[in-house]
Each structure stands twice: as structure tokens, then as C-alpha cells.
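Next come the chains, spelled out residue by residue.
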Amino acid sequence: MSTNLKQELHQLSNRIEAAKRKLQAAHERGDQSMIDKFNEDIAALEKRIGSNKKTQTRKLGHQSHNLNQMSFKRALTKAEQADMGKLKKSVRGLVVVHPMTKLGKEMGLKEVTGFAAKKF
């Protein structure tokens, strides 16, 4: 996943929280023009967050599809997981996916799995 997308989602979330705090202060003051402005800002930010999350989901799906098209996959043993550097050096093009990552959850993995073009 792109870190830029992740950072942008985080920044948008922070901006929404700030706008909500300002909205609450405007409610306390009874300033209707500011209330309207902050409501519009919050709606626009939430729309952008929704768009970014759809993009993120689409990228994960594409990445998942590419990994599933690799000709070989299997669960990694505890010994292989312990010495991941050695394993990655011995298997060219190996991609390891952990089940607790977003990609692993998207793919429905139950254990750490390695994907490669050739059997390993």
C-alpha cells in the first residue's frame, strides 16, 4: 500500500477532528454561519476519505490478485519465519504475507504464507 495514501487518510482524519472541535465551539457560541461552514468542511473531508478508502481497497484487491496468480504458494514453517533473511536469499522473488496485515486479511489467510514463481 502506498504510504502517501495512508498519510493522506491520516491527515484528513486529523482535519475532520479539528473541524468537529471547532464546530462544537461554534454551537456553544451560537454562530450559525460558522456552524454551516464547518458542516460543509466535514462533509467534504468525509467524502475525500471515502474516495481514498475505495482506492486503497482497489489497490489491495489488485495486489491480492497478482499474488494469487503466482504459480506457487505455501505456508511457512516456524523455522523459515525465524530466519526470513536466509529464506528470501534462497528463493528469488519470494513475497511473504502475514495474515494480520490488510493484504493478508483481504486474501483470507490463516497463516504466514509465501508466494513465489517457482517451488520452494
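Check the entry above for the structure.
Each chain has its residues counted from 1, running along the sequence as written. Per-residue local features are limited, in this predicted model, to residues with pLDDT of at least 70; the limit for side-chain atom pairs, both in listing and counting, is 80 or more; totals at the level of whole chains, interfaces and linings are taken over all residues. By convention in this description, side-chain values take in all heavy atoms of the structure and omit both hydrogens and water.

## Brief notes about the overall build of the protein chain
For step 1, the next point in the chain: Per the convention used, a helix needs a DSSP run of H or I reaching at least four residues, while a strand needs a run of E reaching at least two, with both numbered from the N terminus. Helices and strands together make up the secondary structure of the protein chain, namely 5 helices and 3 strands.
For step 2, the next point in the chain: For the protein chain, the α and β elements follow one another from N to C terminus as α-α-β-α-α-β-α-β.
For step 3, the next point in the chain: For the radius of gyration, the atoms used are the C-alpha atoms, and the globule rule reads 2.2 Å times the number of residues raised to 0.38. For the protein chain, the C-alpha radius of gyration of 22 Å lies well beyond 14 Å, the compact-globule estimate for 120 residues.
For step 4, the next point in the chain: Over its C-alpha atoms, taken along the principal directions, the protein chain stretches across nearly 65 × 25 × 20 Å.
For step 5, the next point in the chain: Residues classed as buried in the protein chain amount to 30% of the 120 residues present.
For step 6, the next point in the chain: Counting contacts in the protein chain only where the partners sit at least 6 residues apart, residues at least 24 apart contribute 59% of the total. The cut-offs for exposure are 20% and 50% of the maximum accessible area for each residue type, with area from a 1.4 Å probe on protein chains only; residues under the lower value are buried, those over the upper are exposed, and the others partly exposed. Contacts are residue-level and defined by heavy atoms, with any inter-residue pair within 4.5 Å sufficient.

## Considering the packing of helix 1 (residues 3–29) against helix 2 (residues 32–68)
For step 1, the next point in the chain: Remark: helix 1 packs on helix 2, axes separated minimally by 9 Å, with the N-to-C direction vectors making an angle of 160°. Judged by the angle between their axes, helix 1 and helix 2 are roughly antiparallel. Relative to helix 2, the crossing made by helix 1 is left-handed. A fitted line through C-alpha atoms serves as each axis, taken over the contacting stretch for helices, and the angle formed by two N-to-C directions is quoted from 0 to 180°. What sets the label is the angle itself: under 35 degrees gives roughly parallel, over 145 gives roughly antiparallel, 65 to 115 gives roughly perpendicular, and the rest give oblique. Each crossing gets its hand from how the near helix is turned against the far one by less than a right angle, where anticlockwise is left-handed and clockwise is right-handed.

## Considerations on the sheet that holds strand 1 (residues 72–75)
What holds strands together in a sheet is hydrogen bonding between their backbones, with the strands either parallel or antiparallel.
For step 1, the next point in the chain: At least two bridges found by DSSP between two strands are what make those strands a pair. Here 3 strands make up an open sheet; going across it, the order is 1-3-2 and the pairing antiparallel. Looking at the sheet topology across the chains shown, the edges are occupied by strand 1 and strand 2 (95–97). Put simply, the sheet's adjacent strands are angled 20° from each other on average, direction ignored.

## Re the packing of aromatic side chains
For step 1, the next point in the chain: When two rings of Phe, Tyr or Trp (its six-membered ring) have centres within 6.5 Å they constitute a pair, described as stacked for plane angles under 30 degrees, edge-to-face for angles over 60, and tilted for the intermediate range. The tally for this structure, following the rule as stated, stands at 1 aromatic pair.
For step 2, the next point in the chain: On the numbers, 5.4 Å between centres and 80° between planes, the contact of phenylalanine 72 with phenylalanine 120 is edge-to-face. Residue phenylalanine 72 is found in strand 1, and its partner phenylalanine 120 is found in the segment after strand 3 (113–116); the two are separated by 48 residues along the sequence.
For step 3, the next point in the chain: Exposure remark for phenylalanine 120: the relative accessible area of 18% places this residue in the buried category.

## Overview of the pairing of strand 3
For step 1, the next point in the chain: A two-sided burial pattern is seen for strand 3, the buried positions comprising Thr113 and Phe115 on one face and Gly114 and Ala116 on the other.
For step 2, the next point in the chain: Here strand 1 pairs with strand 3 via 4 bridges, running antiparallel. Among the inter-strand pairings, alanine 75 is bridged to a residue of strand 3, identified as threonine 113.
For step 3, the next point in the chain: Relative to strand 3, strand 2 is paired through 3 bridges, and the arrangement is antiparallel. Along strand 3, the bridge assignment pairs valine 95 with phenylalanine 115.

## Here's the deal with the nonpolar core
For step 1, the next point in the chain: Definition of nonpolar core: a set of buried residues of the types Ala, Val, Leu, Ile, Met, Phe, Trp, Tyr and Cys, connected through side-chain atoms within 4.5 Å. Phe72, Leu76, Leu87, Val91, Leu94, Val112, Ala116 and Phe120 together form the largest nonpolar core, which totals 8 residues.
For step 2, the next point in the chain: Ignoring sequence-local partners within four residues, the contact set of alanine 116 consists of Met70, Ser71, Phe72, Val91, Gly93 and Leu94.
For step 3, the next point in the chain: Judged by nonpolar contacts, the second largest core, of 7 residues, contains Leu60, Leu67, Met107 and Leu109.

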